[in-house]
Amino acid sequence: QNHIDRASNSNVADQVLRYVASILVVNSENNILDIAKTHPLVQVENAKDGAVAARTVAARLCVPRDMSAPAATILRGVLSIVANRLEEE
């Protein structure tokens, strides 16, 4: 699948995905998407590469193989928010 953009630095991709996971497991009464918008942003050496990693994972999720539709909606939302915030860096 050569047409799909991929992060060039696997360490940056790992950091971003761990950051997204940390947002998803926050024990809070707040909306998870609001948390993604306000949680202190992960610091990576190449923010654009991190955004590519988040967008690639969001695009590659398969429902129902990987997870339920509601779970995928939340994960894609958080990945998209994080990607947008990284691109603004």
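Residues numbered from 1 in each chain as written. Predicted model: local features only at pLDDT ≥ 70, side-chain atom pairs only at ≥ 80, totals over all residues. Heavy atoms only, no water.

Asks: An account of the overall build of the protein is requested, with residue identities and associated values reported.
Replies: On a plain count of helices and strands, the protein comes out with four helices and zero strands. In the protein, the succession of α and β elements from N to C terminus is α-α-α-α. A compact globule built from 89 residues should have a C-alpha radius of gyration of about 12 Å, and the protein, at 13 Å, falls within 12% of that. Referenced to the eigenvectors of the C-alpha coordinate spread, the extents of the protein come out at roughly 35 × 30 × 20 Å. (Helix = DSSP H or I, 4+ residues; strand = E, 2+ residues; numbered from the N terminus. Rg over C-alpha atoms; globule rule 2.2 N^0.38 Å.)

Asks: I'd like to hear about the nonpolar core, residue by residue, with values.
Replies: Of all hydrophobic cores here, the largest spans 23 residues; its most connected members are Val16, Val20, Ile23, Val78, Val82 and Leu86. When contributions to this core are tallied by element, the ones reaching two or more residues are α1 (10–24), α2 (32–38), α3 (47–60) and α4 (69–88). Among the elements that make up this core, the one with the highest residue count is α4 (seven residues). (Core = buried A, V, L, I, M, F, W, Y, C linked by side-chain atoms within 4.5 Å. Buried < 20%, exposed > 50% of the residue type's maximum accessible area, 1.4 Å probe, protein only.)

Asks: Tell me about α1, residues and numbers included.
Replies: Here α1 contains 15 residues, and its C-alpha end-to-end distance of 21 Å stays within 8% of the 21 Å for a straight helix at 1.5 Å per residue. Of the positions making up α1, those classed as buried are Val12, Ala13, Val16, Tyr19, Val20 and Ile23. Viewed end-on, α1 has its buried residues packed into an arc of 125 degrees, placing them on one side of the element. Turned more than 90 degrees away from the buried face of α1 sit Ser10, Asn11 and Arg18, all of them exposed. On the buried face of α1, the contacting elements are α2, α3 and α4. The residue sitting at the N-terminus of α1 and contributing the capping side-chain oxygen is Asn9; that oxygen lies 2.8 Å from the backbone nitrogen of Asn11. (Expected span 1.5 Å × (residues − 1). Arc of directions from axis to C-beta. Contact = heavy atoms within 4.5 Å. Polar contact = N/O pair within 3.5 Å; in protein donor to acceptor, adjacent residues only side chain to side chain.)

Asks: Quick one: what's the story with the packing of α1 against α4, residue by residue and with numbers?
Replies: Contact geometry for α1 and α4: axes closest at 10 Å, N-to-C directions at 125 degrees. Overall, the two elements α1 and α4 adopt an arrangement that is oblique. Of the two possible hands of crossing, α1 and α4 adopt the one that is right-handed. Residues Val16, Leu17, Tyr19, Val20, Ile23 and Leu24 of α1 form the contact with α4, whose own contacting residues are Ile74, Leu75, Val78, Leu79, Val82, Arg85 and Leu86. Grouping the constituent residues of the contact of α1 with α4 by class yields 12 nonpolar, no polar and one charged. (Axes fitted to C-alpha atoms, helices over the stretch in contact; angles between N-to-C directions. Parallel < 35°, antiparallel > 145°, perpendicular 65-115°, else oblique. Left-handed = near helix turned anticlockwise from the far one by under 90°. Nonpolar A, V, L, I, M, F, W, Y, C, P; charged D, E, K, R; others polar.)

Asks: Give a description of the side chain of Arg85 that names residues and reports values.
Replies: Note that Arg85 resides in helix α4. No salt bridge is formed by the buried Arg85; its nearest oppositely charged neighbour, Glu88, is found at 6.1 Å. (Lys, Arg positive; Asp, Glu negative; His and termini not counted. Salt bridge = Lys/Arg side-chain N within 4 Å of Asp/Glu carboxyl O.)

Asks: Let's hear about the packing of α1 against α3: which residues, and what values?
Replies: Running from N to C, α1 and α3 point in directions that differ by 65 degrees, and their axes come no closer than 8 Å. The handedness of the crossing between α1 and α3 comes out as right-handed. Counted together, Val12, Ala13, Val16 and Leu17 of α1 and Asp49, Gly50, Ala53, Ala54 and Val57 of α3 form the full contact between these two elements. When the residues that make up the contact of α1 with α3 are grouped by side-chain class, the tally is seven nonpolar, one polar and one charged.

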